[in-house]
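Descriptive analysis of the structure
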Amino acid sequence: MRFLSIYRLGLRYPIWVLSFCALLSLGALYLAKQLKIETDFSRLLPENKASVKNFKKMKETFGSMGFLVITVDSNRAAVSEDFADQLVEKVARLDQVRYVDFRRPVDFFKSRQWLFIDTEDLKEMEKRIDRSLELQEQGVSPIFSDLMDFADPKDRPDLTFEDIKQKYQDEMGSDREELSTGKEGKFLVIKIRSKQGSEDFDSNAKLLAQVEKIVASLKTQKGFGSVEIGYTGSYKTSLESIDFIKNEMAWISAGVSFLLILILILYFRSFASAFLVGLPLLVGVSWTAGLVFLTLKHVNIITAFSVSILAGLGSDYGIYLLSRFTNEVRSGTEFYEACRRSFQQTGKATLMAMLTTVGAFGALVLSDFELFVEFGLVGCYGLVFNFLAMMLMMPSMLMLFQRKRPDKLFQVSVSERVRGPVKGWWRPQWFYPHHPKSLLSACFVLVIVSTFSLGPQSEIVFEEGQLDNKELPSNKLYDKVKDILGGSIHPTVLMVKGWEKQKQAVEALDEFIKQDPENQKIFSKVAGLSTFVPEHQEKKIDLLNSIIQKYPQNKFVNEAQKREFTKSVRETLATGAFVLKDLPEEVSRNFISPVDPNLFAIFLFPNMDRGGSENMRIYNQGVRDAEKFAGMELNPVGGSFISEDILNLIQEEAPKGFVFIIIFFTLVLFVSLRKINRSLLILVHLVAAIIVLSGVLYVFGINLNFFNISVFPIILGTGIDCFIHFGHRYDETKSLFDSVNTETPAIFVSNLTSIVGFGGLMFTTDVGLKSIGYVSVAGLVVVTIFCLFIFPRSLLLTSFIKSQSKKSVPG
């Protein structure tokens, strides 16, 4: 292949090549610094998905429905309240703030509380009063009624109306209180809604910085020094997620880099090897980051960790090339011939291996899920650039070493380096294909047993915490805030056009929840603007007037109770009926679109955890059933619907993607090896490895989810790499045992570096990324075992069968 001749540029112009690569790398790093981390999964789905359409509609008409939540805590309730009042006053003046929710307009509703009682309950109250007056006329004394059997206790009416009051107090919950507070009033909750969405990270950071500055200023005042402030809500969580990813990305990349360097030094017994392989890797990754900025402008939650992944995969090329070079040099081959054999002969196998892995990543690019598309693009960029950097920079550096210290260039031979530690950890005879029939039979049994796991393991699930890192401090604080607020601050948002339709929808949804206990397990309540404007107010006023005329005549109630009740009812009658425009702004702004005053939001509050596939589907189906019951389109918006669309999309694409990958790899093998039997043999081993991997995952209880499903093409691509290298070496040497001696160390170490690259993800706190690490490591270990232990024995057995068939042919 003429393309492989680019290594000669490094031999002829080493300084120029290295300088060019370094300058290009510096420019790429400058661009890479401007990369942003994207955590909004709604942007990663096709726009024709209902969840995306509804989400965009909500953003356009209501803006963001999320909050920056601030908690104020001190050792005295009065101090907390005073601090919160001053904080709210100052924060409300910020240009970026749309409004602040702190004190509820409870006085408005308290003065009108009797208008919120259902007509039937008011009639029940009047009925009880009439019954008590009837008993009075019959001569029942309120003093002796408990001692004399003039009235059956069950028949005596409850004029405290405690049962009716309790019914409405339970429905209102924490909304009856002026402040959202914990026990003793020391812990207060403030909700801030920004004009920008929570996915606008620059605006989020600016808002949070302004609020923190105000908090710092207030805490300098006397008496406020001990006040503790916490932050949660979607705005804080989005920023915290980015910082968390950056921190984990930094230390995981550093840890992976250290391990890769250590592996290279131990394997090659040379510090120069770390430089020869590590520097091209660094350059290749920097080029990748620069191109990612030019094409994508951002990284997502997976591609943010691509440095360690690409370093692990890209180091394979350096290991194969440098291993061949050191073998040739120490066996007496002249320098330029050693370079030719390394970068053209082994380079051919390395190129084909690289192209197959690029094809594996390329399969992800065909997905409709942008998370996979971006992962695929970054993988393709990285592998190509790592290969180019190796082919340009490694010959250049070898040339410089050769010019300065030719006598010191890899003094220790590969045979000494690998076989020398026979007394230690490495023994090539471990990999010699002894007892092929026994081991292949055992492998066959293992594959057959593992096939029973394919059914259970084929289901792709959504796991709790996959899109929401529970380890974030803001998420831990959210659990406390949720209990105080009496429900989630992330309800499902429904959108309805027109006031009458809004009323119909709220009434229907309320009926839907109350009519079936199963629905009450899914939803706690529904809230719409009509919830705050009761129906039949004039009729209720008539009933209240009738009640207030009769109630004072009742002798079964003490005077204090009479005064309290009549005062409360007269206050309601004095305020009179009210309409939508009379509602306090603190209420109406949560439900009316600032863009279209005729568009209303309805909030459906969950009464169940929406984490996990099963709960998510139960909840979403509940919303759809409620929508059907209401008989109108409600355009539900929520993270659970986006997650469900992602899951459905991946489940639809996965079988097609697997078939495409197998076809692609088959073509690559045919083109690369030009041997149908060998290509089919490798494919059989790969498929068997995937089946065994399914069994391993089943045993360890690792489910497939829409994060780790993306690494299966990469496992197959990396697997083909080692099979291709072993096959090419076998074709060159014509000796299976020589191939095992020379190639298994490189295969083992190159796959080990890939395992280390992906293994770093196992130490993240994110559930989805952690699962990628588990599946990748398990898959690469299984593929490595198949390549080093099973494949050579298969080659030996097929070679034996061929020789026997030739002997059986007459003549």
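A brief look at the structure comes next. It should be emphasised that the depicted structure is a prediction, and the values quoted were computed from it without experimental measurement.

Quick word on the pairing of strand β3 (residues 97-101)
In terms of burial, β3 is largely enclosed, as four of its five residues are buried. Two strands pair when backbone bridges link them, and β3 and strand β4 (residues 187-194) are joined in this way by four bridges, in the antiparallel orientation. Looking at β4, one finds that Tyr99 is bridged to Arg193.

As for the sheet that holds strand β5 (residues 228-232)
As summarised here, the arrangement of the four strands in space is β3-β4-β2-β5, forming an open sheet in which the pairing is antiparallel. Single-partner strands in this sheet number two, and they are β3 and β5. The sheet shows a mean angle of 20° between the axes of neighbouring strands, direction not considered. Bridge analysis of strand β2 (residues 68-73) against β4 gives six bridges, and the strand direction is antiparallel. Opposite Ile70, over in β4, you have Ile190 as the bridge partner. Contacts from helix α9 (residues 234-268) reach β2, β4 and β5, with the element oriented near 80° to β5.

Points about the packing of aromatic side chains
Evaluation of the coordinates by the stated rule reveals 32 aromatic pairs. Taking the centre distance of 5.8 Å and the plane angle of 85° together, the rings of Phe325 and Phe335 count as edge-to-face. Residue Phe325 is found in helix α11 (residues 306-330), and its partner Phe335 is found in helix α12 (residues 335-365); the two are separated by ten residues along the sequence. In this pair, the class of Phe325 matches that of Phe335, namely buried. Chaining the aromatic ring pairs together yields one cluster made of Phe108, Phe109, Phe116, Phe532, Phe578, Phe591 and Phe603. Seen from the ring of Phe578, Arg112 lies directly overhead, with NZ or CZ sitting 5.6 Å from the centre. Lying across the ring of Phe605, Lys525 places its NZ or CZ 5.1 Å from the centre.

Things to note about the side chain of Thr346
Position of Thr346 among the secondary structure elements: in helix α12. Leave out the neighbours within four places in its chain, and Thr346 touches Tyr320, Leu321, Arg324, Arg341 and His725.

Description of the sheet that holds strand β9 (residues 523-527)
Spatially, three strands are ordered β8-β10-β9 in an open sheet, and the strand pairing comes out antiparallel. Of all strands in the sheet, those with a lone pairing partner are β8 (492-497) and β9, marking the two edges. Going from strand to strand, the sheet's axes swing by 20° on average, the running direction of each strand aside. Summarising the sheet, β9 and strand β10 (residues 599-606) pair through four bridges and their orientation is antiparallel.

How each quantity is defined
- As a convention, each chain's residues are numbered from 1 in the sequence order in which they are written.
- Predicted model: local features are reported for residues with pLDDT of at least 70 only, side-chain atom pairs are reported and counted for 80 or more only, and whole-chain, interface and lining totals are derived from all residues.
- By convention in this description, side-chain values take in all heavy atoms of the structure and omit both hydrogens and water.
- Exposed residues in this analysis have more than 50% of their type's maximum accessible area, buried residues have under 20%, and partly exposed residues fall in between, with area computed by a 1.4 Å probe over protein chains only.
- Helix numbers and strand numbers start at the N terminus; a helix is a DSSP run of H or I with at least 4 residues, a strand a run of E with at least 2.
- Strands pair, by our definition, only if DSSP identifies at least two bridges between them.
- Under this scheme, a helix contributes an axis fitted over its contacting stretch, all axes are lines through C-alpha atoms, and angles between N-to-C directions fall in the 0 to 180 degree range.
- Any pair of residues with heavy atoms lying within 4.5 Å of one another is described as a contacting pair.
- Under the pairing criterion, centres of Phe, Tyr and Trp rings, with the six-membered ring standing for Trp, must be within 6.5 Å; the plane angle then separates stacked pairs below 30 degrees from edge-to-face pairs above 60, leaving the rest tilted.
- Note on geometry: a ring has a charge over it if NZ (lysine) or CZ (arginine) is within 6 Å of the ring centre and within 35 degrees of the ring normal.

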